[in-house]
Amino acid sequence: MTTKLLIDTDPGCDDAVAIAAALAHPDLEVVGLSTVAGNTTLENTTRNAHAILELLDRTNFPVARGCDRPISRELVSAEDVHGPGGIRGDLPEPTAEPIDAHGAAFIVDQAREYGDDLTIAAVGPWTNLATAMLLEPALPDMVANIYLMGGAAMTGGNVTPEAEFNVYVDPEAASHVVQHARPKMGGLDVTNRSTVAAELIEDYADRDAPFDTIAAWFGYEDADAVRERGIEDPPSVHDAAVVIDIVEDIFEYETYPVEVNTGHGPSRGATICDTRGTTGEEQTVDVAVDVDLEAFRTTLAETLENL
Ligand code: BDR
Ligand code: CA
């Protein structure tokens, strides 16, 4: 049976790989995208989402524009990583328009329509998801699963020593989600290690569209800067690993209480994971603690061949 999937996203190069993998996987049926400000402005993430779908010739479902900024902070973007406009590679100038519904309302609508047939993957800042949960507090109980890309439970951050980008951008949203949903959180603990081999990228770069563009998406991170954070074999394809996990169980999870630091100082956006139970708080977050790298690489490569 296929899993109906709504992707909340801020494309973004690894978002683009995640969307491509979701569209190509035989066990996933993408029922919609909601876009959010994150890697770049909302205008750009929405345009990029449409461009990705047009490149892949898959425009048969709705795209809804969501929140154009974090709940209570200025947007911090990552165009320095993902490229000017938030994405790399050759993409068509999109012609499609987003639907006439806000992304957060769209998430609620989809949850009401599909109920526990629906899985949500939030792979940008969790602003739309938190807003959807404020609109419909029962949302987490209505859907099958909520997968999150974000956080750094037991490892260091990629924006600050403690904070991962999606959580750093909107800590208030992240705090609401970890407190009120029972999510599966694929953070840097596993996604840093979810890398693709250089040979695959070289192979894609020599092929026709869309593979030459996917090669450019894979080339988004500054490999030397990433190696300095201890990742041996970049690029990490964070968002795609979370999407692949939905159908291939490549992550191993342990359940803990997690709290997000909503301060403004150096610990802004830190995800504090209480592995020893010292807080006495309820264990509500399935935290991904290990990844089967070979399974990730094999599945991703096989899946993208279906494009
Ligand atoms: C996350 O940050 C973004 O730049 C990526 O798209 C990914 O969702 C990784 O920390
Ligand atoms: Ca993302």
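Quick caveat: nothing in here was measured; it's all calculated off a predicted structure.

## Here we look at the side chain of Gln110
Then, in step 1: Note that Gln110 resides in helix H4 (residues 103-114).
Then, in step 2: Judged by its relative accessible area of 6%, Gln110 falls in the buried class.

## Thoughts on the packing of helix H1 (residues 13-24) against helix H14 (residues 293-304)
Then, in step 1: Contact pair H1 / H14: the axes reach a minimum separation of 8 Å and the direction vectors enclose 70 degrees. Taken together, the axis directions place H1 and H14 in an arrangement best described as roughly perpendicular. Once H1 is placed against H14, the crossing between them reads as left-handed. Along the contact surface, H1 presents Val17, Ala20, Ala21 and Ala24, while H14 presents Leu300, Thr303 and Leu304.
Then, in step 2: Per-class residue counts for the contact of H1 with H14 are six nonpolar, one polar and no charged.

## Quick notes on a negative patch on the surface
Then, in step 1: Together, Asp27, Glu248, Asp249 and Glu302 give the surface a local cluster of negative charge.
Then, in step 2: Its location among the elements puts Asp249 in the loop between helix H13 (238-248) and strand S7 (251-256).

## So, the layout of surface pockets
Then, in step 1: Considering only enclosed or pocket space, the largest pocket measures out at about 480 Å³ in volume.
Then, in step 2: The wall of the largest pocket is formed by 27 residues, among which Ala78, Val81, Asn158, Phe165 and Glu221 lie closest to the centre.
Then, in step 3: Its residues assigned to classes, the lining of the largest pocket comprises 12 nonpolar, six polar and nine charged.
Then, in step 4: The calculated volume of the second largest pocket comes to roughly 250 Å³.

## Quick look at the coordination of the calcium ion (ligand 2)
Then, in step 1: Distances from the calcium ion (ligand 2) to its protein donors, namely Asp10 (OD), Asp15 (OD), Asp15 (OD), Val123 (O) and Asp239 (OD), fall within the range 2.3 to 2.6 Å.
Then, in step 2: In primary-sequence terms, the residues that donate to the calcium ion (ligand 2) follow D-x4-D-x107-V-x115-D.

## Describing the sheet that holds strand S5 (residues 145-149)
Then, in step 1: With respect to topology, eight strands assemble into an open sheet ordered S3-S2-S1-S4-S5-S6-S10-S7, the strand pairing being mixed. Looking at which strands have only one partner, the edges of the open sheet turn out to be strand S3 (63-65) and S7. The sheet shows a mean angle of 25 degrees between the axes of neighbouring strands, direction not considered.
Then, in step 2: Here strand S4 (residues 118-122) pairs with S5 via four bridges, running parallel. In the strand pairing of S5, Ala121 is matched with Tyr147.
Then, in step 3: Across the sheet, H4 lies against strand S1 (3-9), strand S2 (28-35), S3 and S4, angled at about 155 degrees from S2, the strand it touches most.

## What about the packing of aromatic side chains?
For any pair of aromatic rings, geometry is given as the distance between the ring centres together with the angle between the planes.
Then, in step 1: All told, the structure shown has three aromatic pairs when counted by the stated rule.
Then, in step 2: Taking the centre distance of 5.0 Å and the plane angle of 65 degrees together, the rings of Tyr204 and Phe211 count as edge-to-face.
Then, in step 3: For Tyr204, a relative accessible area of 0% corresponds to the buried category.
Then, in step 4: Ring geometry for Tyr204 and Phe218: centres 6.0 Å apart, planes at 25 degrees, overall stacked. Within this pair, whereas Tyr204 is found in helix H10 (residues 198-205), its partner Phe218 is found in helix H11 (residues 211-218), the two being separated by 14 residues in sequence.
Then, in step 5: Judged by its relative accessible area of 2%, Phe218 is buried.
Then, in step 6: An aromatic cluster of three or more residues is present, and its members are Tyr204, Phe211 and Phe218.
Then, in step 7: When the ring centre of Tyr253 is taken as reference, the NZ or CZ atom of Lys184 above it lies at 4.5 Å.
Then, in step 8: Over the ring of Tyr168 we find Arg268, and its NZ or CZ is 4.1 Å from the ring centre.

Reading the values: the criteria
- Residues numbered from 1 in each chain as written.
- Chains lettered and ligands numbered in written order.
- Predicted model: local features only at pLDDT ≥ 70, side-chain atom pairs only at ≥ 80, totals over all residues.
- Heavy atoms only, no water.
- Helix = DSSP H or I, 4+ residues; strand = E, 2+ residues; numbered from the N terminus.
- Buried < 20%, exposed > 50% of the residue type's maximum accessible area, 1.4 Å probe, protein only.
- Axes fitted to C-alpha atoms, helices over the stretch in contact; angles between N-to-C directions.
- Parallel < 35°, antiparallel > 145°, perpendicular 65-115°, else oblique.
- Left-handed = near helix turned anticlockwise from the far one by under 90°.
- Contact = heavy atoms within 4.5 Å.
- Nonpolar A, V, L, I, M, F, W, Y, C, P; charged D, E, K, R; others polar.
- Patch = residues over 30% accessible without salt bridge, like charges linked within 9 Å, V, L, I, M, F, W, Y side chains within 5 Å.
- Areas by Shrake-Rupley, 256 points an atom, 1.4 Å probe, with all protein chains shown as cover.
- Salt bridge = Lys/Arg side-chain N within 4 Å of Asp/Glu carboxyl O.
- Lys, Arg positive; Asp, Glu negative; His and termini not counted.
- Charge placed at Lys NZ, Arg CZ, Asp CG, Glu CD.
- 1 Å grid on protein atoms, 1.4 Å probe; cavity = no way out; pocket = protein on both sides within 12 Å on 5 of 7 lines; lining within 4 Å.
- Points joined across faces, edges and corners; volume = space filled by probe spheres on them.
- Donors = N, O, S within 2.8 Å, 3.2 Å for Na, K, Ca; no water.
- Pairing = 2+ DSSP bridges.
- Phe/Tyr/Trp six-rings, centres within 6.5 Å; stacked < 30°, edge-to-face > 60°.
- Lys NZ or Arg CZ within 6 Å of the ring centre and 35° of its normal.

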